[in-house]
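Here is how the chains run, residue by residue.
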Amino acid sequence: MFEDTGTVLSMIWIYAAVGFFLAVLYNLFRFPRLAFPKMKKLAAVLDFLFAVIAGFVLFVFSAAYGSGFFRFYYVAAAALGFAVNMITIGLAVPPLSRLFGRACRYISAKLMIPICYIRQKSTKMFVEIAKMLSNNAEKLKKYLKNNNKIVYNSSDHKIGKVYPEGGENRNAVKAKVRKIL
């Protein structure tokens, strides 16, 4: 239950190193968030992933080196290693990531100019093709002649077969009307 001073100091060094390398991992996850600040969902996913990984790593080290015990000074030593990294190497991450983000946006903007030009030209070309096709389709339509003497569909009407005695009005069934008081 009680640990001697040598064991405690070795555990502090181990967890300080673990905290330092967890800060390296955090800086790797922080880099895309700072480079592309509008990607909020990516930042949330990376933060959650880091929290899960950090918890798992601390658990594994406490099981392997701490004899299954998890003590408060393990977390304090990991936080100290994390802070040392953030003060030293971690200070270079924000300016580098912002510079990388600006460079990516600049390059993508320069690459989009020819793509937008090609899109505009191809859109104009396809609009012209669509107009020509619609004009040709309009010319190919056969409209009915507007003449009173011409009767269309006179040869295949079926009114004589359906109503042998005449039109619809002579064979209509009269509905019974009930008055509700």
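Note that the coordinates shown come from a computational prediction; the quantities given were computed from them, not determined experimentally.

**Q** Account for the nonpolar core, with residues named and values stated.
**A** Within soluble globular proteins, side chains that are nonpolar generally end up buried alongside one another. Core analysis: the largest hydrophobic core is formed by 13 residues, its most contacted members being Met11, Tyr15, Leu22, Phe50, Leu58 and Tyr74. Secondary structure elements with two or more residues in this core: helix H1 (5-35), helix H2 (40-64) and helix H3 (72-87). Broken down by element, the residue count for this core peaks at five residues, all from H1. Once residues within four sequence positions are removed from consideration, Tyr74 is found in contact with Glu3, Met11, Tyr15, Ser62, Gly66 and Phe69.

**Q** With reference to specific residues and values, describe the side chain of Ser62.
**A** When you line up the elements, Ser62 lands in helix H2. Engagement of the side chain of Ser62 in a polar contact is seen with the backbone oxygen of Phe59, the distance being 2.8 Å. Ignoring anything within four residues of it in the chain, the contact list for Ser62 reads Tyr15, Ser67, Gly68, Phe69, Phe70 and Tyr74.

**Q** Explain a nonpolar patch on the surface to me, using residue names and the numbers behind them.
**A** On the surface, Met125, Phe126, Ile129, Met132 and Leu133 cluster together into a nonpolar patch covering about 520 Å² of accessible area. Looking at the secondary structure, you find Leu133 in helix H4 (residues 93-140). What makes Leu133 exposed here is its relative accessible area of 55%.

**Q** Lay out H3 with the relevant residues and their values.
**A** Its 16 residues give H3 an end-to-end C-alpha distance of 23 Å, which sits within 8% of 22 Å, the value for a rise of 1.5 Å per residue. Along H3, the positions that sit buried rather than exposed are Tyr73, Tyr74, Ala77, Ala78, Gly81, Asn85 and Met86. In this structure, the buried residues of H3 make contact with H1 and H2.

**Q** Account for the packing of aromatic side chains, naming residues and giving values.
**A** Counted under the stated rule, the structure contains nine aromatic pairs. Note on Phe20 and Phe21: the rings are 5.8 Å apart at their centroids and 90° apart in plane angle, and the pair reads as edge-to-face. Given the relative accessible area of 57%, Phe21 is considered exposed. Each member of the aromatic cluster is reached from another via a ring pair, and the members are Tyr26, Phe29, Phe50 and Phe82.

**Q** An account of the packing of H1 against H3 is needed here, citing residue identities and associated values.
**A** Orientation of H1 relative to H3, taken along the N-to-C sense of each, is 45°, at an axis distance of 6 Å. Taken together, the axis directions place H1 and H3 in an arrangement best described as oblique. The two elements H1 and H3 meet at a crossing, and its hand is right-handed.

**Q** Break down H1 for me, with residues and values.
**A** Every α-helix winds through 3.6 residues per turn, so residues three or four apart in the chain are directed the same way. The end-to-end C-alpha distance of H1 is 44 Å, a good match for the 45 Å that 31 residues give at a rise of 1.5 Å each. The largest bend along H1 measures about 25° and falls at Phe29, with the proline Pro32 one to four residues further on. Next to the buried residues of H1 lie H2, H3 and H4.

**Q** A description of the packing of H1 against H4 should follow, citing residues and the corresponding values.
**A** When two helices pack together, you describe them by how their axes are tilted relative to each other and by the distance separating the axes. Viewed as axis vectors pointing N to C, H1 and H4 meet at an angle of 45°, and their least axial separation amounts to 8 Å. By the angle class used here, H1 and H4 are oblique. Between H1 and H4 lies a crossing whose hand is right-handed. The segment H1 lies against H4, with Asn27, Arg30, Phe31, Leu34 and Ala35 engaging Val93, Pro94, Leu96, Ser97, Arg98, Phe100, Gly101 and Arg105. Of the residues belonging to the contact of H1 with H4, the class tally is seven nonpolar, three polar and three charged.

Conventions we followed
Residues numbered from 1 in each chain as written. Predicted model: local features only at pLDDT ≥ 70, side-chain atom pairs only at ≥ 80, totals over all residues. Heavy atoms only, no water. Core = buried A, V, L, I, M, F, W, Y, C linked by side-chain atoms within 4.5 Å. Buried < 20%, exposed > 50% of the residue type's maximum accessible area, 1.4 Å probe, protein only. Helix = DSSP H or I, 4+ residues; strand = E, 2+ residues; numbered from the N terminus. Contact = heavy atoms within 4.5 Å. Polar contact = N/O pair within 3.5 Å; in protein donor to acceptor, adjacent residues only side chain to side chain. Patch = residues over 30% accessible without salt bridge, like charges linked within 9 Å, V, L, I, M, F, W, Y side chains within 5 Å. Areas by Shrake-Rupley, 256 points an atom, 1.4 Å probe, with all protein chains shown as cover. Salt bridge = Lys/Arg side-chain N within 4 Å of Asp/Glu carboxyl O. Expected span 1.5 Å × (residues − 1). Phe/Tyr/Trp six-rings, centres within 6.5 Å; stacked < 30°, edge-to-face > 60°. Axes fitted to C-alpha atoms, helices over the stretch in contact; angles between N-to-C directions. Parallel < 35°, antiparallel > 145°, perpendicular 65-115°, else oblique. Left-handed = near helix turned anticlockwise from the far one by under 90°. Bend = angle between axes of the 7 residues up to and from the residue. Nonpolar A, V, L, I, M, F, W, Y, C, P; charged D, E, K, R; others polar.

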